[in-house]
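The lines below spell out each chain.
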Amino acid sequence: MNFSLSGNLFKGIGIASIGALILSPDVLFMRWSEMDVWSMLTWRGIEMGIILILFSSCFKVFRDNFKNIFSPVGFGIICCQIISSFFFTYGIAETSASLILFTLATSPIFASIFSIFILGEKTNNSTWITACLALIGVGISVANGDNVLNAPEGSVLIGTICGIGAAASLGLSLVLLRYQPNIPAMTVTGISALGNGFIGLLIVSPGLLFQGDILSISLSGLIILPISFACLTFATRYTQASNIGLLMLLETALGPFWVWLGTNETPNLFMISGGVIVILSLAWYILVDQIKISLPK
């Protein structure tokens, strides 16, 4: 086995780590904003979209490939990302942050399943084993999902559906990006975010748009989301997607901790146990994938 790491690989892991760490307190700032779903969707979407589009326009490679966004696959990616962001935001407003983050972490499994049909990739036993373990973990988390201190008093079932919907649509968007790699990921993510923002703007009551902590939601939309997604996008130049997926579990692990620290939203033992199963099973799956890449052909 060859596990030697090049300078570029170290660079990729470092950039992805920074992105994942910056992203980890995002849900806390959503909680602090105390806004309704449509207000959060509006502020986060428009702010993140403008920043990402402006930033990506500074790079020739993104400008040259901009036209590729206006293709069936490009529109499919935009739709998937809009749906994923809506499900995530609605789920966070509906139920506990831990439940949503744990279910969202299953997106690599959905990506593997979609890859079978779209990319013609063969799946292996490790994928199905991980999928079963992750579903067991989510099931344990949901089993006593109502018993969470200081969490929103919405429906755990709706929250779970939102989390799984967000994971599935995110996984599909990642597969479509692999299917059409000449589509600029950062630019298309910015356009998707703007789409979410305008949808929220059309639906939100004008009286609610400015209710809540605008500073908190703007710190998320203007700083946390654009910087983290820019880092994660750039990291794909230097390291494999499996490494980035592993580092993205930092958000799953740290997100509930930040929410607990900032709002005293406390998950119960069932939710923590289920989350640990999800994280460990996905970490095992990604590491197995990485070992296969490192094996000599």
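Use the structure listed above.
Throughout what follows, the structure given in this document is the object of discussion. (Residues numbered from 1 in each chain as written. Predicted model: local features only at pLDDT ≥ 70, side-chain atom pairs only at ≥ 80, totals over all residues. Heavy atoms only, no water.)

**Quick look at the packing of helix 2 (residues 26–33) against helix 5 (residues 72–94)**
Two measures define how a pair of helices packs: the angle their axes make with one another and the distance between the axes.
For step 1, the next point in the chain: At a minimum axis distance of 11 Å, the contact between helix 2 and helix 5 shows a crossing angle of 60°. Compared by their axis directions, helix 2 and helix 5 come out oblique. As for the relative orientation of helix 2 and helix 5, their crossing is right-handed in sense. Of the residues in helix 5, those touching helix 2 at Asp26, Val27, Met30 and Arg31 are Phe88, Thr89, Ile92 and Ala93.
For step 2, the next point in the chain: Broken down by class, the residue content of the contact of helix 2 with helix 5 amounts to five nonpolar, one polar and two charged. (Axes fitted to C-alpha atoms, helices over the stretch in contact; angles between N-to-C directions. Helix = DSSP H or I, 4+ residues; strand = E, 2+ residues; numbered from the N terminus. Parallel < 35°, antiparallel > 145°, perpendicular 65-115°, else oblique. Left-handed = near helix turned anticlockwise from the far one by under 90°. Contact = heavy atoms within 4.5 Å. Nonpolar A, V, L, I, M, F, W, Y, C, P; charged D, E, K, R; others polar.)

**Things to note about the pattern of salt bridges**
For step 1, the next point in the chain: In total, this model carries three salt bridges according to the counting rule given.
For step 2, the next point in the chain: Arginine 44 is the salt-bridge partner of aspartate 26, the closest N and O atoms lying 2.8 Å from each other. Highlighted residues: aspartate 26 in helix 2 and arginine 44 in helix 3 (residues 37–56), separated in sequence by 18 residues.
For step 3, the next point in the chain: Note that glutamate 265 and arginine 31 form a salt bridge whose closest N and O atoms lie 2.8 Å from each other. With a gap of 234 residues between them, glutamate 265 in the loop between helix 13 (241–263) and helix 14 (269–294) and arginine 31 in helix 2 connect regions that are remote in the sequence. Arginine 31 shares its class with glutamate 265; the two are buried. (Salt bridge = Lys/Arg side-chain N within 4 Å of Asp/Glu carboxyl O. Buried < 20%, exposed > 50% of the residue type's maximum accessible area, 1.4 Å probe, protein only.)

**Brief notes about the side chain of threonine 130**
For step 1, the next point in the chain: Structurally, the position occupied by threonine 130 is in helix 8 (residues 125–143).
For step 2, the next point in the chain: Dropping the residues within four chain positions of it, threonine 130 is found in contact with Ile109, Ser281, Leu282, Trp284 and Tyr285.

**Some details on the environment of valine 188**
For step 1, the next point in the chain: With respect to the secondary-structure elements, valine 188 resides in helix 10 (residues 185–203).
For step 2, the next point in the chain: Sequence-wise, valine 188 and glycine 49 are 139 residues apart; in three dimensions their C-alpha atoms are separated by 9.2 Å.
For step 3, the next point in the chain: Setting aside residues up to four positions removed in sequence, valine 188 forms contacts with Ile69, Gly74, Ile77, Ile78, Gln81, Leu177 and Ile183.

**Digging into unusual backbone geometry**
For step 1, the next point in the chain: Positive phi values are uncommon outside glycine, yet glutamate 34 reaches one of about 55°.
For step 2, the next point in the chain: Position of glutamate 34 among the secondary structure elements: in the loop between helix 2 and helix 3.
For step 3, the next point in the chain: Glutamate 34 gets classed as exposed once you look at its relative accessible area, which sits at 70%.
For step 4, the next point in the chain: Notably, asparagine 264 is not glycine yet its phi reads approximately 65°, a positive angle.
For step 5, the next point in the chain: Note on placement: asparagine 264 falls in the loop between helix 13 and helix 14.

**Quick word on the state of the cysteines**
For step 1, the next point in the chain: What the rule picks out here adds up to zero disulfides.
For step 2, the next point in the chain: You can see cysteine 80 has no disulfide; the closest cysteine sulfur is in cysteine 79, sitting 7.1 Å from it. (Disulfide = S-S within 2.5 Å.)

**Observations concerning helix 8**
For step 1, the next point in the chain: The first and last C-alpha atoms of helix 8 sit 27 Å apart over 19 residues, in line with the 27 Å expected at 1.5 Å per residue.
For step 2, the next point in the chain: For helix 8, the full list of buried residues reads Ser126, Thr127, Thr130, Ala131, Ala134, Gly137, Val138 and Ser141. Buried residues of helix 8, seen end-on, are gathered within an arc of 130° and therefore sit on one face of the element. Those residues of helix 8 that are exposed and aimed more than 90 degrees away from the buried face are Asn125, Leu135 and Ala143. (Expected span 1.5 Å × (residues − 1). Arc of directions from axis to C-beta.)

**Quick notes on the side chain of serine 281**
For step 1, the next point in the chain: You can see serine 281 is positioned in helix 14.
For step 2, the next point in the chain: For serine 281, a relative accessible area of 5% translates into the label buried.
For step 3, the next point in the chain: A polar contact of 2.9 Å, which involves the side chain of serine 281, links it to the backbone oxygen of valine 278.
For step 4, the next point in the chain: Not counting chain neighbours up to four residues away, the residues in contact with serine 281 comprise Thr130, Leu133 and Ala134. (Polar contact = N/O pair within 3.5 Å; in protein donor to acceptor, adjacent residues only side chain to side chain.)

**Some words on the packing of helix 5 against helix 9 (residues 156–179)**
For step 1, the next point in the chain: Where helix 5 meets helix 9, the axes come as close as 8 Å, and the angle between the chain directions of the two elements is 155°. Judged by the inter-axis angle, helix 5 sits roughly antiparallel to helix 9. In the crossing of helix 5 with helix 9, the sense of the turn from one axis to the other is left-handed. For the pair formed by helix 5 and helix 9, the contact residues are Val73, Gly76, Ile77, Cys80, Gln81, Ile83, Ser84, Phe87, Phe88, Tyr90, Gly91 and Glu94 on the first element and Ile158, Gly159, Cys162, Gly165, Ala166, Ser169, Leu170, Leu172, Ser173, Leu176, Leu177 and Tyr179 on the second.
For step 2, the next point in the chain: Broken down by class, the residue content of the contact of helix 5 with helix 9 amounts to 15 nonpolar, eight polar and one charged.

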